Amino acid sequence: MIELIMNPRIVEPKDWVTLLFVFSLVLIAVTRTAFETRFNEFLRILISDKYIKVYKDSSHLMSGFTVLLFIVQIIAVSLFIQIVLDHYGYVSKYDWISFLRTATFFSVFVLSKYLIEKIIGTTFNFEEFVEQYNLLKVSYRTFLSIVLLPVSVFLFYNKYYADSLIYFIIAIILIINILTYLVSLKNYQNLIIGNMFYFILYLCALEIAPYYFIYYLITKL
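1. Observations concerning the environment of Phe143
Stage number 1. Its location among the elements puts Phe143 in helix H6 (residues 127–157).
Stage number 2. Through-space distance from the C-alpha of Phe143 to that of Gln73 is 8.5 Å; in sequence the pair is 70 residues apart.
Stage number 3. Apart from the residues lying within four places of it in its own chain, the contact partners of Phe143 are Phe42, Leu43, Ile45 and Leu46.

Shown next as C-alpha cells:
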C-alpha cells in the first residue's frame with residue numbers, strides 16, 4: 001500500500017507588487033501627459049545636457065513633475081532593495097510589510113538628507129550649489145528609477161538569476177551616481193573652487209558618511 005503524505009502548499013501573496021507596478025506606470029503616464037515637453041527632454045538626460053540646462057532653476061525641484069516621479073523612485077528603489085535583501089536571506093521579498101518599512105526608511109532618508117543639505121548650504125552660504133546639485137541628483141536618480149522599475153519587477157517574479165546580475169545592476173547604479181558627481185563638478189567648478197572647504201565638508205558629511213552608516217547597519221546588525 002502506498003502511503004501518501006500531503007504537504008500544504010503555501011502561496012505567497014504577489015498581487016501587491018503587481019498593483020504597485022501598475023500604479024507606477026499610471027504615474028509615469030500622467031507625468032508624460034501633463035509635462036510632455038519636459039518628459040521628452042528628461043528621457044534624453046544621459047546623452048544630452050539640455051534638460052539640466054533648461055530646468056536648472058531650483059524652483060523645478062518641488063514641481064509636480066519631480067514629485068510624481070519621486071513617488072515612482074520610492075517604489076522602484078524600495079522594491080529593488082527588498083529583492084537584494086531577499087537574495088541574501090535578510091527578508092522575504094513577498095513580505096509587503098517589509099516593503100513598507102523599506103519605502104518609509106528610504107523616503108525619510110532622502111527627505112531628511114535634503115533638509116540637512118539645505119540647512120548646511122544656507123549656513124555656509126553654499127545654498128546655490130546645494131540647490132542645483134540636488135536638482136541634478138534628483139534628475140539622474142529619477143531616470144535610473146524608471147529604468148530600475150521593470151528590472152525589479154522582472155527579478156521579483158523570477159526565482160532563478162545569477163549573483164552576477166545583482167552585482168551588475170548595483171555597478172550600473174554606482175556608475176550613474178559617479179557620473180552625477182562628475183557632471184556637477186564640471187557644471188559648477190567655478191563655484192566649487194571658490195568654496196572648496198565647504199564642498200569637501202559637504203561631500204564627506206552628506207555624500208559619504210550616510211551611505212557608509214547604512215552599509216554598516218546592514219552588514220553588522
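2. Here we look at the packing of helix H1 (residues 15–34) against helix H4 (residues 64–87)
Helix-helix packing is characterised by the crossing angle of the two axes and by the distance between the axes.
Stage number 1. For the pair H1 and H4, the least separation of the axes is 9 Å and the interaxial angle reads 155 degrees. Classified by the angle their axes make, H1 and H4 are roughly antiparallel. Handedness of the crossing formed by H1 with H4: left-handed. In this structure, H1 contributes Trp16, Val17, Leu20, Phe23, Ser24, Leu27, Ile28, Val30 and Thr31 to the contact, and H4 contributes Phe65, Leu68, Leu69, Ile71, Val72, Ile75, Leu79 and Gln82.
Stage number 2. A breakdown of the residues in the contact of H1 with H4 according to their chemical character gives 14 nonpolar, three polar and no charged.

3. Focus: H4
Stage number 1. Its 24 residues place the ends of H4 35 Å apart at the C-alpha level, agreeing with the 34 Å of an ideal helix rising 1.5 Å per residue.
Stage number 2. Positive backbone phi, approximately 85 degrees, marks Gly89, located one or two places after H4.

4. Comments concerning the packing of H1 against H6
Stage number 1. Where H1 meets H6, the closest approach of the two axes is 11 Å, and the angle between their N-to-C directions is 165 degrees. Judged by the angle between their axes, H1 and H6 are roughly antiparallel. In this structure, the crossing between H1 and H6 has a hand that is left-handed. Residues Trp16, Val17, Thr18, Phe21, Ser24 and Ile28 of H1 pack against Ile146, Leu149, Pro150, Val153, Phe156 and Tyr157 of H6.

5. Some thoughts on the packing of aromatic side chains
Stage number 1. For the structure on display, the rule yields 10 aromatic pairs.
Stage number 2. Taking 5.6 Å as the distance between ring centres and 80 degrees as the angle between the ring planes, the aromatic pair formed by Phe42 and Phe65 counts as edge-to-face. With a gap of 23 residues between them, Phe42 in helix H2 (residues 36–42) and Phe65 in helix H4 connect regions that are remote in the sequence. For the pair Phe42 and Phe65, one class covers both residues: buried.
Stage number 3. A ring pair is formed by Phe105 and Phe109, whose centres lie 6.3 Å apart and whose planes are at 15 degrees; its orientation type is stacked.

Procedures and definitions
Numbers given to residues run from 1 along each chain, matching the order in which its sequence is written. Only residues with pLDDT of at least 70 get local features here, since the model is predicted, and only at 80 or more are side-chain atom pairs given and counted; chain-wide, interface and lining totals rely on the full set of residues. To get the side-chain values, take all heavy atoms of the structure and skip hydrogens and water. Here a strand is any run of E in DSSP of at least two residues, a helix any run of H or I of at least four, and the numbering for each starts at the N terminus. Throughout, a residue-residue contact means that at least one pair of heavy atoms, one from each residue, lies within 4.5 Å. Each axis is a line fitted through C-alpha atoms, and for a helix only the stretch in contact is used; angles between axes span 0 to 180 degrees, taken between their N-to-C directions. The scheme is simple: roughly parallel for angles under 35 degrees, roughly antiparallel for over 145, roughly perpendicular for 65 to 115, oblique for anything else. Left-handed describes a crossing in which the near helix is turned anticlockwise from the far one by less than a right angle; the clockwise case is right-handed. Residues are grouped as follows: Ala, Val, Leu, Ile, Met, Phe, Trp, Tyr, Cys and Pro are nonpolar; Asp, Glu, Lys and Arg are charged; every other residue, Gly included, is polar. One less than the residue count of a helix, multiplied by 1.5 Å, gives the span that helix is expected to have. Note on aromatic pairs: the rings of Phe, Tyr and Trp (six-membered ring only in Trp) are paired at centre separations within 6.5 Å, and the planes decide the class, stacked below 30 degrees, edge-to-face beyond 60, tilted for the rest. Type-normalised accessible area, obtained with a 1.4 Å probe on protein chains alone, sets the label of each residue: buried when under 20%, exposed when over 50%, and partly exposed for intermediate values.

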